[in-house]
Amino acid sequence: MFKLDTIISLAKRRGFVFQSSEIYGGINGCWDYGPLGVELLLNIKKIWWHEMTSRTNIEGLDASILMHPKVWEASGHLTQFSDPMIDNKISKARYRADNLIEDFIEKLRKKNKNDLADECEQRLEHAQEPSDYYKIIMDYGINDPVSGNADWTEVRNFNLMFKTFIGPLDDAASTIYLRPESAQGIFVNFKNVMECGRQKIPFGIAQIGKAFRNEINTKNFLFRTREFEQMEMQFFVKPGEEKEWFDYWKEQRWNWYVKYGMKPEKLRWKEHEKLAHYANYAVDIEFEFPFGFGEIEGIHSRTDFDLSAHQKLSGKKLEYIDANTKERYTPYVVETSGGVSRGLMAFLCNAYDEEDTGEGDKRTVLHLHNSLAPIKCAVFPLVNKDGMPEKAQAIYEDLQKYFKVQYDVSGAIGRRYRRQDEIGTPYCVTIDGDTMSDNTVTIRDRDTMQQEKINADNLKMYLFDKLHK
Ligand code: ATP
């Protein structure tokens, strides 16, 4: 297992991810995606979008980030979307009370105090009110990891939604929120999309978009950020059929990650012990990050909670009428909700390797799936003379019309291979003396490091074939 710092350092050095506003010292929980990062993000979104919308019963949507404040009243976010927070009076450090207790339990387990850990865990599972968390912290004498003392404030609920104002007045009546999840944009458009898409139940709506949460503790690089993108699909079904669809989507989503290279042994299911107020079944797909297992996607059966709540508050009908049976009902929803940036981090960690290539030589390599690789192919002239740069440049420009290609003339070929391995480029093409005499080029495969000679005229087809497998 590699350290998270190793991945962060590669991500920064090679232009995947930068700290946001770095020249001003950065801002917590926000990241910028550099030239390679933006390609990888786009590739993740592309394969997800294709996976969803290539089905005849899934439509796409792009709803706005700012929505009517009543949306968040109906969804329960105004009152329920909060984390229990506690402050240490001496160090002024602020924690999520549940995380503080979880870390304490982990420490107990490391010291083999498993009985105490089990008991504490049981109490945490049943904690609901801020006072429940406070009592656990007091009863077990949990100290601040920074200052080592237990001089705590009360536990308070802290709403995670970012507030701002709409229009020229900054008063309570103009208060509006940055959406904390993209799903609500789908619920309020359920009827619009169903009618114009001429869809019948069961059908789904897919959306990719930014979400914002004023997380108390941002940590672990891209894992918990304040601004992030979600890929969400809400699937509308007949009440009573949700369990069947829930199982179906569980399998589909797991298979999607594996299809795009996620090692199955690095994935696991996590059943929700405490179901959210709207859910009747819920499970997460977790990935084993360098800091432990963490959620990358949730599959939730949300009943008719959201549609019914919007129906009630807006006074608009959000029902479905079965054309054959004339049955009328509010559909149930099974959602798949994944984070794009958490996914990116998981794909990076999954692909990263340091390998011994023999003769005391080592290489860092990203074994990214071809569909995810930011750069699909690199083109090198063996030497910077004898017509090779011109020929290589022509090949590069031709390939670049179809997919992302890099041209590199500097350094020994071995070093150029290493540079591409480190960013996950699946193929490198070298133009050498033979190219000038018999028009053959050498293709080198990132994973096997095998080289193959083919006619330059067949290169495009060869790469198309490999890249679309
Ligand atoms: P967590 O328990 O980790 O806070 P959650 O259960 O609140 O996550 P959901 O509301 O189910 O998460 O959101 C769906 C997906 O959105 C998550 O699986 C994750 O990939 C992504 N996500 C949620 N919060 C964040 C965040 N703060 N930063 C990055 N991605 C996030």
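Computed from a predicted structure; not experimentally measured.

**Q** What should I look at first to understand the sheet that holds strand β6 (residues 156-159) in this one?
**A** Within a beta sheet, neighbouring strands are joined by backbone hydrogen bonds and run either parallel or antiparallel to one another. Taking strand neighbours across the sheet as the criterion, the three strands line up as β5-β4-β6 in an open arrangement whose pairing is antiparallel. The open sheet has two edge strands, β5 (94-96) and β6, and neither has a second partner. Pairs of neighbouring strands in the sheet enclose a mean axial angle of 45°, with direction left out of account. Contacting β4 (82-87) and β5, helix α5 (residues 97-110) runs over the sheet at an angle of about 80° to β5.

**Q** I tried to follow the pairing of strand β12 (residues 281-289) on my own but got confused; where do I start?
**A** Here is the key point about a regular strand: its side chains alternate between the two faces of the sheet. Within β12, seven of the nine residues are buried, leaving the element largely enclosed by the surrounding structure. Summarising the sheet, strand β11 (residues 267-271) and β12 pair through five bridges and their orientation is antiparallel. Of the residues in β12, the one forming a bridge with Leu267 is Phe287. The turn joining β12 and strand β13 (residues 292-301), which pair antiparallel and follow one another in sequence, is formed by two residues.

**Q** Help me understand the site of the ligand, please; the structure alone is not making it clear to me.
**A** Surrounding the ligand, one finds 16 residues, the nearest of these being Glu215, Arg224, Thr225, Glu295 and Gly339. One nitrogen or oxygen atom from the side chain of Gln230 is found 3.3 Å from an oxygen atom belonging to the ligand. Summarising the interface, the protein chains cover 84% of the accessible area of the ligand, which totals 600 Å² for the free molecule. Those elements that provide at least two residues to the shell around the ligand are β10 (227-237), β13 and β16 (332-339).

**Q** Would you take a moment to explain the sheet that holds strand β19 (residues 377-381) for this structure?
**A** The mixed open sheet is built from five strands, whose spatial order is β20-β19-β21-β22-β23. With one partner strand each, in any of the chains shown, β20 (405-407) and β23 (451-455) form the two edges of the open sheet. Put simply, the sheet's adjacent strands are angled 25° from each other on average, direction ignored. Two elements, strand β21 (residues 427-431) and strand β22 (residues 440-445), share four bridges in a ladder whose sense is antiparallel. Looking across to β22, one finds that Cys428 is bridged to Arg444.

Rules and cut-offs
Sequence order sets the numbering: in each chain, residues are counted from 1 along the sequence as written. Totals for whole chains, interfaces and linings use every residue, but because this is a predicted model, local features are given only for residues with pLDDT of at least 70 and side-chain atom pairs only at 80 or more, for both listing and counting. No hydrogens and no water enter the side-chain calculation; it runs on all heavy atoms of the structure. Note: two strands are recorded as paired if DSSP finds a minimum of 2 bridges between them. Strands are runs of DSSP state E lasting at least 2 residues, helices are runs of H or I lasting at least 4, and numbering of each runs from the N terminus. Angles shown run from 0 to 180 degrees and are taken between the N-to-C directions of axes, each axis being a line fitted to C-alpha atoms and, for helices, limited to the stretch in contact. Residues are treated as being in contact if the distance between any of their heavy atoms lies within 4.5 Å. Only protein chains enter the accessibility calculation, which uses a 1.4 Å probe; a residue whose area is less than 20% of its type maximum is buried, one above 50% is exposed, and one in between is partly exposed. Here a residue is considered near a molecule or strand provided that any single heavy atom belonging to it is located within 4 Å of it. Definition of a polar contact: a pair of N or O atoms within 3.5 Å, with one able to donate and the other able to accept a hydrogen when the atoms are protein atoms, and with sequence-neighbouring residues admitted only if both atoms are side-chain atoms. Note on areas: these come from Shrake-Rupley sampling with a 1.4 Å probe, and a residue is covered only by the protein chains present in the view.

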